[in-house]
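If you want the building blocks of each chain, they are given just below.
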Amino acid sequence: CVPIVYCSFILRCLFSLVDLSRFGEDPSSSKRKVFRTIFIESLCRVKTLSLSGKLVYPIVDSFVVHWPSLMERHDMVEICDVLVPLVDS
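Analysis parameters
Residues numbered from 1 in each chain as written. Predicted model: local features only at pLDDT ≥ 70, side-chain atom pairs only at ≥ 80, totals over all residues. Heavy atoms only, no water. Pairing = 2+ DSSP bridges. Helix = DSSP H or I, 4+ residues; strand = E, 2+ residues; numbered from the N terminus. Axes fitted to C-alpha atoms, helices over the stretch in contact; angles between N-to-C directions. pLDDT = per-residue confidence, 0-100. Core = buried A, V, L, I, M, F, W, Y, C linked by side-chain atoms within 4.5 Å. Buried < 20%, exposed > 50% of the residue type's maximum accessible area, 1.4 Å probe, protein only. Right-handed = clockwise from strand over helix to strand, strands pointing away. Phe/Tyr/Trp six-rings, centres within 6.5 Å; stacked < 30°, edge-to-face > 60°.

Caption draft 1: Looking closely at the sheet that holds strand β2 (residues 62-65). If you walk across this open sheet you meet the three strands as β1-β2-β3, and the pairing is parallel. With partners counted over all chains shown, the strands left at the sheet margins are β1 (38-40) and β3 (77-79), one partner each. The mean angle between the axes of side-by-side strands here comes to 30°, regardless of whether they run parallel or antiparallel. One ladder, built from three bridges, connects β1 with β2; its direction is parallel. When the bridges of β2 are listed, isoleucine 40 appears paired with valine 64.

Structure below.
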């Protein structure tokens, strides 16, 4: 999974550097495709991120975890409470 995420990051960087007007397309057209990378951490990771998660954390657009404790420890994380519902204590 880590090599695929890094390949998509490199492709996104390369495509952002390419000038579309050089290839005959109108640069004002909004038909440009945007790559978006979302990493979903394993459900069994309760206290810390996995090694894969630590490696891809700086370059992904969205990082999804299942446990509130992980959300409190990291800045750019979103929580998915479908399997583990949030309980008000």
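There is more to say after this.
Caption draft 2: The arrangement of the confidence of the model for the chain in detail. Overall, the predicted model of the chain reaches an average pLDDT of 78, with 71% of residues at or above 70. Within the chain, the element-level pLDDT minimum falls on helix α3 (residues 68-73), averaging 83, and the maximum on helix α2 (residues 51-56), averaging 93.

Caption draft 3: A look at the nonpolar core. The biggest cluster of nonpolar side chains holds 11 residues, and these are Val2, Val5, Phe39, Leu49, Val56, Ile59, Val60, Phe63, Val65, Leu70 and Val77. Elements that contribute at least two residues to this core include exactly α1 (2-17) and β2.

Caption draft 4: The pairing of β2, seen in detail. Going residue by residue along β2, you find Ser62 and Val64 tucked away on one face and Phe63 and Val65 tucked away on the opposite face as well. Tracing the backbone out of β1, into α2 and back to the parallel element β2 gives a crossover that is right-handed. Where β2 lies against β3, three bridges are found, and the strand directions are parallel. Across the sheet, phenylalanine 63 pairs through a bridge with valine 77, a residue of β3. In terms of handedness, the path from β2 via α3 over to β3 forms a crossover that is right-handed.

Caption draft 5: A look at the packing of aromatic side chains. Applying the stated rule across the entire model yields two aromatic pairs. For the pair tyrosine 57 and phenylalanine 63, a centre-to-centre distance of 5.4 Å together with 80° between the ring planes defines the contact as edge-to-face. Here the aromatic residues Phe39, Tyr57 and Phe63 are joined through ring pairs into a cluster of three or more.

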